[in-house]
Amino acid sequence: MSLLFIAPDRDLSSWEDAIHSIDPNIEIDIWPAIKDKNRVQFTVCWNHPQHLLDGFPNLKAVSSLGAGADHLLSDKSLPESVDICRVVSPSLVQQMKEYILAAVLNIQRNFVHYIRQNDQKRWQPHNHPSPKNLHVGIMGLGELGKPAAKQLAELGYQVSGWSRSAKKIESVNTFAGKDELHKFINNTHILICLLPLTDKTRGILNLEIFKQMDDRGWIINVARGEHLVDEDLIYALDSNILQGAWLDVFSEEPLPDKHAFWNRENIIITPHIASITKPNEVANQIVENYKRALSGMELNHKVDRELGY
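Note that the structure is a prediction, hence the values are computed from the model and not measured. (Residues numbered from 1 in each chain as written. Predicted model: local features only at pLDDT ≥ 70, side-chain atom pairs only at ≥ 80, totals over all residues. Heavy atoms only, no water.)

## Structural notes on the overall build of the chain
1) Next: The secondary structure content of the chain amounts to 9 helices and 12 strands.
2) Next: Computed over C-alpha atoms, the radius of gyration of the chain comes to 21 Å, within 12% of the 19 Å expected from 2.2 N^0.38 for 309 residues, which places it in the range of a compact globule.
3) Next: Summarising its shape, the C-alpha atoms of the chain cover approximately 65 × 45 × 30 Å along the three principal directions.
4) Next: Expressed as a percentage of the 309 residues in the chain, the buried residues total 50%.
5) Next: Sequence separation of 24 or more characterises 61% of the internal contacts of the chain that already satisfy a separation of 6 or more.
6) Next: Accessible surface, the chain: about 15,500 Å² in total, of which carbon and sulfur atoms supply 48%.
7) Next: Taken as two groups, the 32 positive and 39 negative side-chain charges of the chain have centres that lie 5 Å from each other. (Helix = DSSP H or I, 4+ residues; strand = E, 2+ residues; numbered from the N terminus. Rg over C-alpha atoms; globule rule 2.2 N^0.38 Å. Buried < 20%, exposed > 50% of the residue type's maximum accessible area, 1.4 Å probe, protein only. Contact = heavy atoms within 4.5 Å. Areas by Shrake-Rupley, 256 points an atom, 1.4 Å probe, with all protein chains shown as cover. Lys, Arg positive; Asp, Glu negative; His and termini not counted. Charge placed at Lys NZ, Arg CZ, Asp CG, Glu CD.)

Shown next, in the form of structure tokens:
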């Protein structure tokens, strides 16, 4: 039986090496070079071509190459009988904490403006708020959102969090459910999206939300591009409803050359690098779930299709 990797435009040699360092006897295929479709029982995917996974008659389980699994859940051709799982890594959490803190600090201390001023050789100081006067709201209090919220609270920021179900986090004011969303958003200076992508969260970063934030606020999106309504963001920036946006994820990646975001000084763009899965840290999880799938055992870090994560 074989384990199949599907990740277009990625060099997967390091993943193959990491798997074989744990178990050299595992037969690995890397799409599109597949020896025998009938032998494929477990796949590991990232942004795989749609309507591909139903072509493996003996497929038992599929794993995301990262923490998110929306690219798998959105593939309507994936048979219901196929279990979905994902990988979890301490380094993913640490990287996300670093990225979010860097973005918040850059916004708070006006480094975004200073970098732009460098290009113009302009010397102009700007006042900046102290952390205790900066209200940061985090949407999504899961394995990435909760540590990020705790870190910012420990550094003295006013932190609120919003999630599907109620959570308790020390020094963080938490809200839950649709009924408390607007209360959570009200007067937020920096809004950070770390939500899973589901039918209920798609397009949640929209004009209605932006209007409820603090005047001249910022959004940081490190979840999925589909959370954001691009046209609403442009309108909010042009209308001075928002001051800026820090974006690491986009509905289409790479971001097209002609996309309006590229021409905006008040939009900071990074190429989906906030938190990157490292092969040597999660290869053991993939091997374990591969063997569990072959044995008919319950998968680790299994994704609930109804919840979307």
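## Quick look at the pairing of strand 4 (residues 61-64)
1) Next: Burial of strand 4 is two-sided: the residues Ala-61 and Ser-63 facing one way and the residues Val-62 and Ser-64 facing the other way are all buried.
2) Next: Bridge count between strand 3 (residues 40-45) and strand 4: 4 bridges; the pairing is parallel. Looking across to strand 4, one finds that Thr-43 is bridged to Val-62.
3) Next: Strand direction decides the pairing type here: strand 4 and strand 5 (residues 83-85), joined by 3 bridges, are parallel. (Pairing = 2+ DSSP bridges.)

## Topic: the side chain of Ser-89
1) Next: One can find Ser-89 in the loop between strand 5 and helix 3 (90-108).
2) Next: Not counting residues up to four positions away in its chain, the partners in contact with Ser-89 are Glu-281, Val-282 and Gln-285.

## Examining helix 3
Because an α-helix completes one turn every 3.6 residues, residues spaced three or four positions apart along the sequence face the same direction.
1) Next: Spanning 19 residues, helix 3 covers 27 Å between terminal C-alpha atoms, matching the ideal 27 Å at 1.5 Å per step.
2) Next: Ser-91, Leu-92, Gln-95, Met-96, Tyr-99, Ile-100, Leu-101, Ala-103, Val-104, Asn-106, Ile-107 and Gln-108 are the residues of helix 3 that are buried.
3) Next: If you follow the buried residues of helix 3, they end up packed against helix 4 (111-120), helix 5 (145-154), strand 9 (190-193), strand 10 (217-221), strand 11 (242-247) and helix 9 (279-295).
4) Next: Backbone geometry just downstream of helix 3 places Asn-110 in the positive-phi region, at approximately 65 degrees. (Expected span 1.5 Å × (residues − 1).)

## Quick notes on the nonpolar core
1) Next: Ranked by internal contacts, the top residues of the largest apolar core, which has 30 residues, are Met-139, Leu-191, Phe-210, Ile-219, Leu-233, Leu-247 and Phe-261.
2) Next: For this core, the elements supplying multiple residues, two or more each, are helix 6 (181-185), strand 9, helix 7 (207-212), helix 8 (230-238) and strand 11.
3) Next: Among all residues touching Ile-219, those that are not within four sequence positions of it are Leu-191, Phe-210, Met-213, Leu-228, Leu-233, Leu-242, Gly-244, Ala-245, Trp-246 and Leu-247.
4) Next: Of all hydrophobic cores here, the second largest spans 29 residues; its members include Leu-134, Val-136, Ile-138 and Ile-192. (Core = buried A, V, L, I, M, F, W, Y, C linked by side-chain atoms within 4.5 Å.)

## Some points on the packing of aromatic side chains
1) Next: Under the definition given, this model contains 5 aromatic pairs.
2) Next: Summarising the aromatic geometry, the rings of Phe-175 and Phe-184 are spaced 6.1 Å apart at their centres and angled 55 degrees between planes, so their arrangement reads as tilted. Residue Phe-175 shares its accessibility class with Phe-184, and that shared class is buried.
3) Next: Aromatic side chains Phe-250 and Phe-261 sit 6.4 Å apart centroid to centroid with 55 degrees between the ring planes, which places their arrangement in the tilted category. A residue pair is termed long-range when its members are at least 10 positions apart, and Phe-250 in the loop between strand 11 and strand 12 (267-269) and Phe-261 in the loop between strand 11 and strand 12 qualify at 11 residues. Phe-261 matches Phe-250 in its accessibility class, with the two residues each being buried.
4) Next: The ring centre of Phe-56 lies 5.8 Å from the NZ or CZ of Lys-37, which sits over that ring. (Phe/Tyr/Trp six-rings, centres within 6.5 Å; stacked < 30°, edge-to-face > 60°. Lys NZ or Arg CZ within 6 Å of the ring centre and 35° of its normal.)

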